[in-house]
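Take a look at the letters that make up each chain.
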Amino acid sequence: PTGHLPQQSFREIVYSLRLQDNSPLFLSILPRPGGAIIDCIIPNTAAAETRLVQINQHLPGYLKFYLKELGYNHDGVVDLLNRACDLDLTASIAQLKWDTKHK
């Protein structure tokens, strides 16, 4: 990464999430009618299930730390999260800690 977020949609960035073996975490992301709920198809592996449990704890926090670890610009990541995620969750990121070993 050059430090700047690529000109991608939030959905494309979520699709780019990888497991430790570099396989994709999400195979498919499907919005339900109305758009408030989505269904995700992930690989049938323990690693994918564990990663999804971690992400479900706090999606904006996970993405902020993950994208920052990949070298993306802090301000660009925060801007993306403010536009794509619940603002209360985004505001609470400061209270989180990132475990670089377990991600």
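These remarks concern the structure in this document. (Residues numbered from 1 in each chain as written. Predicted model: local features only at pLDDT ≥ 70, side-chain atom pairs only at ≥ 80, totals over all residues. Heavy atoms only, no water.)

**Section: the nonpolar core**
Piece 1. By size, the foremost hydrophobic cluster in this structure holds 20 residues, and its most contacted members are Val14, Leu17, Leu25, Phe26, Leu63, Leu67 and Leu81.
Piece 2. Breaking this core down by element, the ones donating at least two residues are helix H1 (10–15), helix H2 (46–57), helix H3 (59–69) and helix H4 (74–84).
Piece 3. Ranked by residue count, the leading element in this core is H3, at five residues.
Piece 4. Other than its neighbours up to four places away in sequence, Leu25 contacts Leu17, Arg18, Leu19, Ile41, Ile42, Pro43, Ala48, Arg51 and Ile55. (Core = buried A, V, L, I, M, F, W, Y, C linked by side-chain atoms within 4.5 Å. Buried < 20%, exposed > 50% of the residue type's maximum accessible area, 1.4 Å probe, protein only. Helix = DSSP H or I, 4+ residues; strand = E, 2+ residues; numbered from the N terminus. Contact = heavy atoms within 4.5 Å.)

**Focus on the environment of Arg11**
Piece 1. Following the sequence through the fold, Arg11 ends up in helix H1.
Piece 2. Exposure remark for Arg11: the relative accessible area of 40% places this residue in the partly exposed category.
Piece 3. Those residues in contact with Arg11, other than ones at most four positions away along the chain, are Ile29 and Pro31.
Piece 4. For Arg11, the side chain forms a polar contact with the main-chain oxygen of Ile29, separated by 2.6 Å. (Polar contact = N/O pair within 3.5 Å; in protein donor to acceptor, adjacent residues only side chain to side chain.)

**Considering the layout of surface pockets**
Piece 1. By volume, the largest pocket is sized at about 350 Å³.
Piece 2. Sorting the residues of the lining of the largest pocket by element identifies H1, strand S2 (38–41), H2 and H3 as the ones contributing at least two each.
Piece 3. Its residues assigned to classes, the lining of the largest pocket shows 13 nonpolar, one polar and two charged.
Piece 4. Here the second largest pocket is characterised by a volume of approximately 200 Å³.
Piece 5. As for the second largest pocket, its lining consists of 11 residues, and the residues nearest its centre are Gln54, Gln57, Tyr62, Lys97 and Trp98.
Piece 6. Among the elements of the structure, H2 and H3 are those that each provide at least two residues to the lining of the second largest pocket.
Piece 7. In terms of residues, the lining of the second largest pocket owes the most to one element, H3, which gives three residues. (1 Å grid on protein atoms, 1.4 Å probe; cavity = no way out; pocket = protein on both sides within 12 Å on 5 of 7 lines; lining within 4 Å. Points joined across faces, edges and corners; volume = space filled by probe spheres on them. Nonpolar A, V, L, I, M, F, W, Y, C, P; charged D, E, K, R; others polar.)

**Quick look at unusual backbone geometry**
Piece 1. Residue Asn22 is not a glycine yet carries a positive backbone phi of 75°.
Piece 2. Positionally, Asn22 belongs in the loop between H1 and strand S1 (28–31).
Piece 3. When its relative accessible area of 55% is taken as the criterion, Asn22 is described as exposed.

**Some words on H4**
Piece 1. Along H4, the positions that sit buried rather than exposed are Val77, Leu80 and Leu81. Along the axis of H4, the buried residues cluster in a sector spanning 95°; they form a single face. Exposed positions of H4 whose direction lies more than 90 degrees from the buried face are Asp75 and Arg83.
Piece 2. Its buried side turned inward, H4 meets H1, H3 and helix H5 (87–91).
Piece 3. The opening residue of H4, the one whose side-chain oxygen lies 2.8 Å from the backbone nitrogen of Asp75, is Asn73. (Arc of directions from axis to C-beta.)

**Structural notes on the pattern of salt bridges**
Piece 1. Under the definition given, this model contains two salt bridges.
Piece 2. Two residues, Asp79 and Arg83, come together in a salt bridge whose shortest N-O distance is 3.1 Å. With Asp79 and Arg83 both in helix H4, this residue pair falls four residues apart, about one helical turn.
Piece 3. Judged by relative accessible area, Arg83 falls into the exposed class, the value being 60%. (Salt bridge = Lys/Arg side-chain N within 4 Å of Asp/Glu carboxyl O.)

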